[in-house]
Amino acid sequence: MASTEGRNTKRRNADKVVGLVNTGATIYAGTLLTRLAASGNIVPAGTASAGVAVGVAEESVVGDGIKTVEYSRGCYQFKNSASGDLIGLGDIGNTCYVVDNDTVAKTDNSAARKAAGKIIDVDAGGVWVEVG
């Protein structure tokens, strides 16, 4: 039922999040992460059966079914794809897509790629992406 008066809504900061690393998955600090659709466990971005990018790893971790990884949400720079998937200044404001754990592309490759985030800027170093 909709509120009919003011309420004290719970709040938490979402710039740092922790997730369980999938067994056998190797996470590298500074790389894009996603969650598996079935379990919600953390895996490197670009992994089959995973969803959209959720953040960037704060540390390197090898999953053993117990270890977790802290990841951050925010604006990060990643490698730009090549050829027809190269992201340019005209793409700022659009969604970009995961190629692998540190590369983003202009297209979803016929729905084969998941969203990495919103393109914030493009420069000689790569593509700035708002992740999470």
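Everything in this summary refers to the structure shown in the same document. (Residues numbered from 1 in each chain as written. Predicted model: local features only at pLDDT ≥ 70, side-chain atom pairs only at ≥ 80, totals over all residues. Heavy atoms only, no water.)

### Some details on the overall build of the protein chain
For the protein chain, the helix and strand inventory stands at zero helices and twelve strands. For the protein chain, the succession of helices and strands along the chain, N to C, is β-β-β-β-β-β-β-β-β-β-β-β. Along the longest, intermediate and shortest principal axes, the C-alpha atoms of the protein chain span 50 × 45 × 25 Å. The contacts of the protein chain with a sequence gap of at least 6 include a subset with a gap of at least 24, amounting to 49%. Accessible surface for the protein chain amounts to roughly 7600 Å². Of this, 50% is attributable to carbon and sulfur atoms. Taking the average location of the 13 positive side-chain charges in the protein chain and that of its 14 negative ones, the two points are 7 Å from each other. (Helix = DSSP H or I, 4+ residues; strand = E, 2+ residues; numbered from the N terminus. Contact = heavy atoms within 4.5 Å. Areas by Shrake-Rupley, 256 points an atom, 1.4 Å probe, with all protein chains shown as cover. Lys, Arg positive; Asp, Glu negative; His and termini not counted. Charge placed at Lys NZ, Arg CZ, Asp CG, Glu CD.)

### Comments concerning the sheet that holds strand β11 (residues 115–123)
Spatially, β8-β10-β9-β11-β12 is the arrangement adopted by the five strands of the closed barrel, whose pairing is mixed. Sheet twist, expressed as the average angle between the axes of neighbouring strands with direction ignored, equals 55 degrees. (Pairing = 2+ DSSP bridges. Axes fitted to C-alpha atoms, helices over the stretch in contact; angles between N-to-C directions.)

### Digging into the pairing of strand β1 (residues 16–20)
Alternating positions in β1 separate cleanly, Val17 and Gly19 being buried on one face and Lys16, Val18 and Leu20 remaining unburied on the opposite face. Sheet topology places β1 next to strand β7 (residues 68–72); five bridges connect them, and they run antiparallel. If you follow glycine 19 over to β7, its bridge partner there is valine 69. (Buried < 20%, exposed > 50% of the residue type's maximum accessible area, 1.4 Å probe, protein only.)

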